[in-house]
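Each chain, letter by letter, is given below.
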Amino acid sequence: MLDQLLATAVQWGSMPRLARLRQQPLEVQAKLLGQLLGRAQGTEWGQRYGFKERLTPAEFARRVPVSTYEQLYPEIEKVLRGQPDVLWPGRPQWFAKSSGTTNDRSKYIPVTAEALQHCHYRAGRDMLALATHFYPQERLVTGKTLSLGGAHSANPFRPQEPASRTGDVSAVIMQQLPWWAEQMRTPPLALALLEEWEEKIERIAAHVLTQDVRVLAGVPTWMVVLLRRVVALAGAPDITHVWPHLRLFLHGAVAFGPYRELFRQLIPDARMRYLEIYSASEGYFALQDQPDSEDLLLLLDHGIYYEFLPADQWASPAPQPVPLAAVELHRPYALVISTNAGLWRYLVGDTVRFTSLAPYRVRITGRTKHFLNAFGEEVVIENAEAAVVAASQAIGLTVRDFTAAPIWFAADSSSRGGHEWVIEFATEAACPNLTTFGAVLDATLCAVNSDYAAKRHRNLVLAPPRLHAVPAGTFESWLAGKGKLGGQHKVPRLLNSREVLEAVLATAERRRNNES
């Protein structure tokens, strides 16, 4: 009875608001921008750009520059050091720390009280409302939600203030969950916030063996590691023998396509459902609001005002984003956000394409810095994920991780460039059929990307892909060696430099030598 009352209460609070996002998106965003500008008018940033003047969206775009993290960092550092009223009123105590994937320098994103309440927690309630609405018969809130997150530590810029903390956004959120939400999740915070990931996985797996887990929430990469350990400790053939009422996985951070078959093997139950969320250190952007479609509803009243940068301006020194009203279907855009954490016209680095304009729904296509374009082929992560899924299905093996980089032209003018791929399969195969895998990968890329197909035509510019299969655990070892195991750290899929690919190949070689 109590679980039904909670589900009803959450739906009552969320469903009408989500309906308004679908029906009046532009009005919702215009009102939100006014609220953000009014709240921040007394800050240093607000005074610098005249927020007190009740700026229209067009005037806001004309006055305030688009900023990358590096460009905004001088202001963020003031906030980190405790200076008040810089980008947002007050002195934020919490910061989401993200080291990214290609840069060792940590990024610190302020997480204000407003961002927690009106962005992250509001979106979490919305996702819970949708899940209980879609699957009422599963009684999801009766059991536990197993959430796998990161850790937090003292703010290195304010060592004298124990209350100021930095860490993975998941840890920031879990540490401050309202009591009723904390009662619904497992493991307890003492385990969930452990910093050392090998110990964390082991202790969490032991703890959750006896829990009634009905929902999983987290990054697919690390959830696989945990589920495998739970199955091993239980001595069970699969996870359904441990958690018979498990019905839902709320996943995000990486594309789910390459993991779908792996989860089907781990959870072979036709009643198991999957819903995607799109959240980051900077905010909770979108969620899957239709159980039968992977399109994500853009969350327009969660403290984030959106603009979108067309692909032809990603490298522009003076980028000109377009407002929500001007976006077009299926074109690639980079997200530009202004938030209730004080990020103003901030270039996130994520790229999306719109699949619907009524309502506004998107799919994530990658990162502005994570794509292959060494030869004009413009392969984005969405293309690569589709190709890997098709190739893995063709040989009957599941891919757990991969990365790709260019093979550059040699001095010999007759040589061709190409792409080199490092593939880690989910289970060891004595001799994976890389010939078939590569052929299907190549053919799929040609089918989904006309620029790639043109460069591959008769091998004129691009040679066929070159593939390497590495031992299971190679990518984990590489991440561990960089101090990036677990949390929000992810393997960079596509890069125009060879640094990551060569480091992963070197890690694989060391593992082979140690085993021989």
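What you see is a predicted model; the values in this text were computed from it and never measured.

Here we look at the overall build of the protein chain
Along its length, the protein chain carries 17 helices and 21 strands. The C-alpha atoms of the protein chain give 23 Å as radius of gyration, which agrees with the globular expectation for 516 residues (24 Å, within 12%). Overall, the C-alpha framework of the protein chain stretches about 65 × 60 × 50 Å when taken along its three principal axes. When burial is assessed residue by residue, the protein chain has 56% of its 516 residues classed as buried. Summarising the internal contacts of the protein chain: among those between residues at least 6 apart in sequence, 68% fall at separations of at least 24. Taken as a whole, the protein chain presents about 21600 Å² of accessible surface, with 53% of it coming from carbon and sulfur. Within the protein chain, the 52 negative side-chain charges are centred at a point lying 3 Å from the centre of the 54 positive side-chain charges.

A few points about unusual backbone geometry
Cis geometry marks the peptide bond from Thr 186 to Pro 187; its omega dihedral reads 0°. Assignment of secondary structure puts Pro 187 in the loop between β6 (185-186) and α9 (189-192). Here the residue pair Ala 358 and Pro 359 is connected by a cis peptide bond, since its omega of 5° sits within 30 degrees of zero. Positive phi is not limited to glycine here, since Arg 139 has a value of about 50°. With respect to the helices and strands, the residue Arg 139 is situated in the loop between α6 (113-134) and β3 (144-147). Positive phi values are uncommon outside glycine, yet Arg 345 reaches one of about 50°. By the element assignment, Arg 345 lies in the loop between β14 (332-339) and β15 (346-357).

Some points on the environment of Asp 442
The residue Asp 442 is located in helix α14 (residues 434-448) in this model. Look at Asp 442 and you get buried, because its relative accessible area is 11%. Placed 57 residues apart in sequence, Asp 442 and Glu 499 show a C-alpha to C-alpha distance of 23 Å.

Details of the sheet that holds strand β7 (residues 213-218)
Strand pairing in a sheet is mediated by backbone hydrogen bonds. Such pairs are either parallel or antiparallel. If you walk across this open sheet you meet the twelve strands as β6-β3-β7-β8-β9-β10-β11-β16-β15-β14-β12-β13, and the pairing is mixed. Edge positions in the sheet fall to β6 and β13 (322-323), since each has one partner strand and no second. Bridge analysis of strand β8 (residues 248-251) against strand β9 (residues 273-280) gives four bridges, and the strand direction is parallel. Looking at the pairing, His 251 lines up with Glu 276 of β9.

Section: helix α16 (residues 474-481)
When α16 is considered as a whole, its buried residues turn out to be Thr 474, Phe 475, Trp 478 and Leu 479. Angularly, the buried residues of α16 cover 135° about the axis, an arc narrow enough to put them on a single face.

Overview of the environment of Ser 497
Along the chain, Ser 497 falls in the loop between α16 and α17 (499-515). Sequence-wise, Ser 497 and Gln 23 are 474 residues apart; in three dimensions their C-alpha atoms are separated by 44 Å. Every residue in contact with Ser 497, bar those within four places of it in the chain, is listed here: Ala 405 and Pro 406.

Some words on the confidence of the model for the protein chain
Of the residues in the protein chain, 94% have a pLDDT of 70 or more, and the chain-wide mean is 89. Confidence over residues 100-104 falls short of pLDDT 50; this stretch has eleven contacts with residues more than four positions distant or in other chains. Note on residues 410-414: pLDDT is under 50 here. Beyond four places in sequence and across chains, it has one contact.

Cut-offs used in this document
Residues numbered from 1 in each chain as written. Predicted model: local features only at pLDDT ≥ 70, side-chain atom pairs only at ≥ 80, totals over all residues. Heavy atoms only, no water. Helix = DSSP H or I, 4+ residues; strand = E, 2+ residues; numbered from the N terminus. Rg over C-alpha atoms; globule rule 2.2 N^0.38 Å. Buried < 20%, exposed > 50% of the residue type's maximum accessible area, 1.4 Å probe, protein only. Contact = heavy atoms within 4.5 Å. Areas by Shrake-Rupley, 256 points an atom, 1.4 Å probe, with all protein chains shown as cover. Lys, Arg positive; Asp, Glu negative; His and termini not counted. Charge placed at Lys NZ, Arg CZ, Asp CG, Glu CD. Pairing = 2+ DSSP bridges. Arc of directions from axis to C-beta. pLDDT = per-residue confidence, 0-100.

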